[in-house]
2 protein chains.
Amino acid sequence: MAAGVPDAGQPLDRDRFREAMSLLGAAVNVITTDGPAGRHGITASAVCSVTDSPPTVLVCINRGSGRYRLFRDNGVLCVNVLAAHHQALSNRFANATEAATRFEHDRWTVLTTGAPVLADAGASLDCRVGQVTDVGTHSVFFCEVVGVATSKQAGGLVWFDRGYHPLGPGAG
Amino acid sequence: MAAGVPDAGQPLDRDRFREAMSLLGAAVNVITTDGPAGRHGITASAVCSVTDSPPTVLVCINRGSGRYRLFRDNGVLCVNVLAAHHQALSNRFANATEAATRFEHDRWTVLTTGAPVLADAGASLDCRVGQVTDVGTHSVFFCEVVGVATSKQAGGLVWFDRGYHPLGPGAG
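Residues numbered from 1 in each chain as written. Chains lettered and ligands numbered in written order. Predicted model: local features only at pLDDT ≥ 70, side-chain atom pairs only at ≥ 80, totals over all residues. Heavy atoms only, no water.

Participant: Go over the packing of aromatic side chains with me, naming the residues and quoting the values.
Facilitator: Taken as a whole, this structure holds 8 aromatic pairs over all chains when the rule is applied. For the pair Phe93(A) and Phe103(A), a centre-to-centre distance of 5.1 Å together with 85° between the ring planes defines the contact as edge-to-face. With a gap of 10 residues between them, Phe93(A) in helix α3 (residues 87-94) and Phe103(A) in the loop between α3 and β7 (108-109) connect regions that are remote in the sequence. Each member of the pair, Phe93(A) as well as Phe103(A), carries the same accessibility label: buried. Considering the side-chain rings of Phe103(B) and Trp108(B), the 5.0 Å spacing of their centres and the 65° angle between planes classify their relative orientation as edge-to-face. We classify Phe103(B) as buried; its relative accessible area is 10%. (Phe/Tyr/Trp six-rings, centres within 6.5 Å; stacked < 30°, edge-to-face > 60°. Helix = DSSP H or I, 4+ residues; strand = E, 2+ residues; numbered from the N terminus. Buried < 20%, exposed > 50% of the residue type's maximum accessible area, 1.4 Å probe, protein only.)

Participant: How would you summarise the relation of the copies chain A and chain B if you had to cite specific residues and measurements?
Facilitator: Overlay of chain A on chain B (RMSD 0.0 Å): rotation 180°, translation along the axis 0.0 Å. Here the two chains are linked by the operation of a two-fold rotation axis. Among all residues of chain A, the minimum C-alpha distance to the rotation axis is found for Ala26(A), at 2.5 Å. The overlap is high: 100% of the interface residues of chain A also sit at the interface in chain B, so the same surface is used on both sides. (Least-squares fit on C-alpha atoms with pLDDT ≥ 70 in both. Contact = heavy atoms within 4.5 Å.)

Participant: Report on the environment of Asn95(A), specifying residues and quantitative values.
Facilitator: Residues and elements named next belong to chain A. Along the chain, Asn95 falls in the loop between α3 and β7. Expressed as a C-alpha distance, the spacing of Asn95 and Gly66, which sit 29 residues apart in the sequence, is 15 Å. Here Thr97 takes part through its side chain, which lies 2.7 Å from a polar atom of the side chain of Asn95. (Polar contact = N/O pair within 3.5 Å; in protein donor to acceptor, adjacent residues only side chain to side chain.)

Participant: Explain the sheet that holds strand β5 (residues 55-62) of chain A residue by residue, including any values.
Facilitator: Residue and element names in this part refer to chain A. Judged by pairing direction, the sheet is antiparallel, and its 7 strands sit side by side in the order β3-β2-β6-β9-β10-β5-β4 without closing on themselves. With one partner strand each, in any of the chains shown, β3 (40-44) and β4 (47-52) form the two edges of the open sheet. Across the sheet, the axes of successive neighbouring strands diverge by a mean angle of 30°, strand direction being ignored. Across 4 bridges, the pairing between strand β2 (residues 29-33) and strand β6 (residues 76-81) is antiparallel. Each residue of the ladder has a partner; that of Thr32, found in β6, is Cys78. The sheet contacts of α3 involve β2 and β3, and relative to β3 the element is tilted by about 115°. (Pairing = 2+ DSSP bridges. Axes fitted to C-alpha atoms, helices over the stretch in contact; angles between N-to-C directions.)

Participant: I'd like to hear about the pattern of salt bridges, residue by residue, with values.
Facilitator: Residue and element names in this part refer to chain A. Scanning the model with the defined rule gives 10 salt bridges over all chains in all. Note that Arg72 and Asp73 form a salt bridge whose closest N and O atoms lie 3.3 Å from each other. A relative accessible area of 47% places Asp73 in the partly exposed class. In this structure, Arg92 and Asp106 form a salt bridge, with 2.8 Å as the shortest nitrogen-oxygen distance. On the criterion of sequence distance, the pair formed by Arg92 in helix α3 and Asp106 in the loop between α3 and β7 is long-range, its members being 14 residues apart. A relative accessible area of 12% places Arg92 in the buried class. Asp106 sits in the partly exposed class, given a relative accessible area of 24%. (Salt bridge = Lys/Arg side-chain N within 4 Å of Asp/Glu carboxyl O.)

Participant: Got a sec to walk through the interface of chain A and chain B? Specific residues and values, please.
Facilitator: Taken together, the 67 residues of chain A in the interface contact 67 residues of chain B. Interface area, chain A with chain B, both sides summed: about 5600 Å², of which 70% is carbon and sulfur. The interface formed by chain A and chain B contains 2 salt bridges. A salt bridge links Arg18(B) to Asp52(A); the shortest N-O distance between them is 2.6 Å. Counting only elements with at least two residues in the side of chain A that touches chain B, the list comes to α1 (14-22), β1 (26-27), β4, β5, β9 (123-135), β10 (138-150), β11 (156-160) and β12 (163-167) of chain A. For the side of chain A that touches chain B, the leading source of residues is β10(A), giving 9 residues. Here the residues of the side of chain A that touches chain B are counted per class, giving 37 nonpolar, 22 polar and 8 charged. (Buried area = accessible area lost by both parts, 1.4 Å probe. Nonpolar A, V, L, I, M, F, W, Y, C, P; charged D, E, K, R; others polar.)

Participant: Got a sec to walk through the sheet that holds strand β6 (residues 76-81) of chain B? Specific residues and values, please.
Facilitator: Ordered in space as β3-β2-β6-β9-β10-β5-β4 (chain B), the 7 strands form an open sheet in which the pairing is antiparallel. Both edges of this open sheet fall to β3 (40-44) and β4 (47-52) of chain B, since each of them pairs with a single strand only. Put simply, the sheet's adjacent strands are angled 30° from each other on average, direction ignored. α1(A) rests against β4, β5 (55-62), β9 (123-135) and β10 (138-150) of chain B of the sheet, and its axis sits at about 115° to β10(B). Helix-sheet contacts for helix α3 (residues 87-94) of chain B involve β2 (29-33) and β3 of chain B, and the interaxial angle to β3(B) is about 115°.

Shown next as C-alpha cells:
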C-alpha cells in the first residue's frame, strides 16, 4: 500500500477489522478483582469512560477463557491504568503461564471494594460492577466508580500499531 | 502531591473522577453521520473495540446537545480515527461555533453506509448502529463495522493528561 493512500473499498473480513483496530490507540490497563470467587487480573485496553453522572466506566472482557466469571461473580473490579514504566507488568498480566505468580512482582493495596489496586498506577478506578451486556464473544461491564487514586507524574502507556508507546513525564 | 505518591483514600467527587479520566489515554476520533436526519460530526475519544465476531465497536455520545439524535435516527456512523497531523481538525469538530463549516476544510469520501469518511484518517470504521444503551448523561452506541479504510503511515493521535500526543510515523 502506498504511503498516504487509504486502501478503501476492500471487503471486510476479520483480519481487516483487526488491522483497523490496531490503529485505534488505547491506554493499557490491568483489570483486577478479588472476593468470594477468587483473585484475578488481566491486561486489557478495551476500557472507556462513559459519564461522570454518575461516575461510570465500561470494560470489555473476552468470555472465552471463562475467567471473566470471577469479575462478574465478585461484582467488583479495579481498572489500574498503567504508567509509562509498566511494560513488563503489562506482559505479565497478558501471559497465561504467569497466572499464579503475576501479583508477586509489584506493590498492591486496596481502596473501597477490595479489588487489588496497583500502588504506582497512573490512575486506579475502584468499581462496583453494574449491568453486564453480552456482545458476540465479549461481555461489556458497566462499572460505577466508587474510589480513585492518581499519580499524574507516572505518565501513561498506550498500545498503538501493535506496540507500546510511553507518554508524558514518566516516558523518558 | 509528591511525585510518585498516589493520593488514595480521598472521597470521590466529580472533579476527582475527571482527573482520573484525564490520565486514561485515548485515541482522538471524529464521529460522523449522514442520512435523512442530516449530516453531523463530533470529536470524541470514548470509542472502544468490543469484539471481532461480529466486528463491533462502541461509541459513547453525550445526549446533552440533542445532536446525538442525528446518529441514532440515521442509524449509521463512521469512526474516523485521527492521525498524528489532525490536531486542528480535532479542534474544529469539538468547537460548536464551527458546526456549519467544519466539513469544508478536509477531503471526505464515503464507503458503504454514506457516513462521511475522512480521506486521510489513520483508520475509518464505517458502521451500522445496533443497540443503544443509555447510561446517565450518555448513550452507548453498539455499532456493527461494515467497512474499513486504513492508512497506517499516518500515525496516531492520543489525548492524555489534557493534551494531544502524536504517535508513530506521522508524528515527526
